[in-house]
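Take a look at the letters that make up each chain.
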Amino acid sequence: MTLIEGKKVAAEVRAELKAETAAFEAQYGKKVGLAVVLVGEDPASQVYVRNKIKGCEEAGIRSFAHYLPADASQKQVEELVAALAADESVHGILVQLPLPGHLDADRILALIPTEKDVDGFSADNIGKLALNEEGTVACTPFGVMELLRRYHIDPRGKRAVVVGRSNIVGRPMALLLLNADATVTVCHSRTADLKEECARADILVAAIGKPKFIAAEMVKDGAVVIDVGINRVDGKLVGDVDFDEVSKKASFITPVPGGVGPMTIAMLLKNAVACAKRAVR
Ligand code: NAP
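Worth saying up front: this structure is predicted, and the values here are computed from it rather than measured.

A. Layout of the sheet that holds strand E2 (residues 33-39). Read from one edge of the open sheet, three strands run E3-E2-E4, paired in parallel fashion. The outermost strands of the open sheet, each flanked by one partner alone, are strand E3 (62-68) and strand E4 (92-95). Each neighbouring strand pair of the sheet contributes to a mean axis angle of 15°, computed without reference to strand direction. Of the strand pairs in this sheet, E2 and E4 are connected by four bridges, and their pairing is parallel. By the bridge assignment, Ala35 is partnered in E4 with Ile93.

B. Spatial organisation of helix H1 (residues 6-28). Here H1 is 23 residues long and its end C-alpha atoms lie 32 Å apart, about the 33 Å a rise of 1.5 Å per residue gives. Where the residues of H1 are buried, they touch helix H2 (43-59), helix H6 (139-150) and helix H10 (261-280). Backbone geometry just downstream of H1 places Gly29 in the positive-phi region, at approximately 70°.

C. Quick look at the site of the ligand. Taken together, 22 residues lie near the ligand, and Arg165, Ser166, Ser189, Lys210 and Thr264 sit nearest. Here Ser166 contributes a side-chain N or O atom positioned 2.5 Å from an oxygen atom of the ligand. Within the side chain of Ser189, an N or O atom sits 2.5 Å from an oxygen atom of the ligand.

D. Seen up close, the pairing of strand E6 (residues 183-187). By the bridge criterion, five bridges tie strand E5 (residues 159-163) to E6 in an arrangement that is parallel. Its bridge partner lying in E6, Ala160 is registered against Val184. Taking the sense of rotation as the criterion, the β-α-β connection linking E5, helix H7 (residues 170-179) and E6 turns out right-handed.

E. Region of interest: the layout of surface pockets. In this structure, the second largest pocket spans a volume of roughly 290 Å³. Lining the second largest pocket are Lys7, Ala10, Ala11, Arg14, Asn51, Lys54, Gly55, Glu58, Gly261, Pro262 and Ile265. Counting only elements with at least two residues in the lining of the second largest pocket, the list comes to H1, H2 and H10. Classifying every residue of the lining of the second largest pocket by side-chain character gives four nonpolar, three polar and four charged.

F. Representation of the sheet that holds strand E7 (residues 203-206) in the model. Strand order in this open sheet of six strands is E1-E11-E8-E7-E5-E6, and the pairing throughout is parallel. The open sheet is flanked by strand E1 (2-3) and E6, the only strands paired with a single partner. Where H7 meets the sheet, it contacts E5, E6 and E7, and its direction lies at approximately 170° from that of E5.

G. View of the state of the cysteines. Following the criterion strictly, the structure yields zero disulfides and no others. We note that Cys187 lacks a disulfide partner, and the nearest cysteine sulfur, in Cys198, lies 5.3 Å from it. Residue Cys187 is classed as buried on the basis of its relative accessible area, which comes to 1%.

H. Fine view of helix H3 (residues 74-86). For H3, which comprises 13 residues, the first-to-last C-alpha distance of 18 Å matches the rise-based estimate of 18 Å (1.5 Å per residue) to within 8%. Considered for burial, the residues of H3 that qualify are Gln74, Val77, Leu80, Val81 and Leu84. One face of H3 carries all of its buried residues, which in axial projection span an arc of 140°. Away from its buried face by more than 90 degrees, H3 exposes Lys75 and Ala86. Tucked into the core, H3 has its buried residues touching E2, E3, E4 and helix H4 (105-109).

Definitions and limits used
- Residues numbered from 1 in each chain as written.
- Predicted model: local features only at pLDDT ≥ 70, side-chain atom pairs only at ≥ 80, totals over all residues.
- Heavy atoms only, no water.
- Pairing = 2+ DSSP bridges.
- Helix = DSSP H or I, 4+ residues; strand = E, 2+ residues; numbered from the N terminus.
- Axes fitted to C-alpha atoms, helices over the stretch in contact; angles between N-to-C directions.
- Expected span 1.5 Å × (residues − 1).
- Contact = heavy atoms within 4.5 Å.
- Near = heavy atom within 4 Å.
- Polar contact = N/O pair within 3.5 Å; in protein donor to acceptor, adjacent residues only side chain to side chain.
- Right-handed = clockwise from strand over helix to strand, strands pointing away.
- 1 Å grid on protein atoms, 1.4 Å probe; cavity = no way out; pocket = protein on both sides within 12 Å on 5 of 7 lines; lining within 4 Å.
- Points joined across faces, edges and corners; volume = space filled by probe spheres on them.
- Nonpolar A, V, L, I, M, F, W, Y, C, P; charged D, E, K, R; others polar.
- Disulfide = S-S within 2.5 Å.
- Buried < 20%, exposed > 50% of the residue type's maximum accessible area, 1.4 Å probe, protein only.
- Arc of directions from axis to C-beta.

As structure tokens, this is what we get:
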């Protein structure tokens, strides 16, 4: 069994980006710029935003952090996002979700131009992914593809099963695997026989949000198992896969923590650099 070391790969991606951002700055006389908008004081969101800003600094990306109070009005947030959309030094805009309940998130996100949508959440970017055209891909599934690539796991012709169909993980994950020529099955809470579906997978991706949900009997011998889940149990982070048991059967497996998680921010930074490069070409 090979452990897929996301932490190590993420560090490699960041080092490569540092070289790319330096080259960008040398050529165009400006830095790659990423704006991050946080509304309110949700503790988890604060940690994510802090890590994203730290990641920017390390990769040579200029970050523009905007903190608005929890009671910020729809107009205030919309005006900020519209200003960032018009700002040429900002190549990517990220609005940290979830937004406070009184705000209309869809209307706010709709103000991010496709070319600055570093999260790849816009209908335009999801449409491009569905059409297998170049665009920005959601960071977490994009990170999974990068892990597969760096471990020389080619999805072509393989049976891939994705458990979960959320817009930010499962759905784009399935499209990416399909675009990489896998034969893809997408499972969800209404899937009739989940165990049988999973047990057929050469590549199994779990994006469910239920600790240790994928048991050894659901996994084929020699399968590649990617665990996207992040669950907190008794103060510890646990994935959606029963790692101790499943790792005895898998050929490759990602740990939690240290697997897919660290890739998400690395791919966000990669997306920001790609947006900047597209803006100047
Ligand atoms: P989500 O929006 O809650 O989606 C969960 C998906 O799992 C849904 O499609 C749901 O099916 C399916 N599901 C739930 N119970 C199921 C069951 N019993 N059997 C089969 N399918 C079931 O979650 P998400 O945002 O995609 O995130 C999934 C996990 O990944 C979470 O643990 C989250 O914390 C983690 N995550 C990690 C990263 C990272 O950086 N590593 C990033 C994002 C998310 P229905 O559609 O039928 O409801």
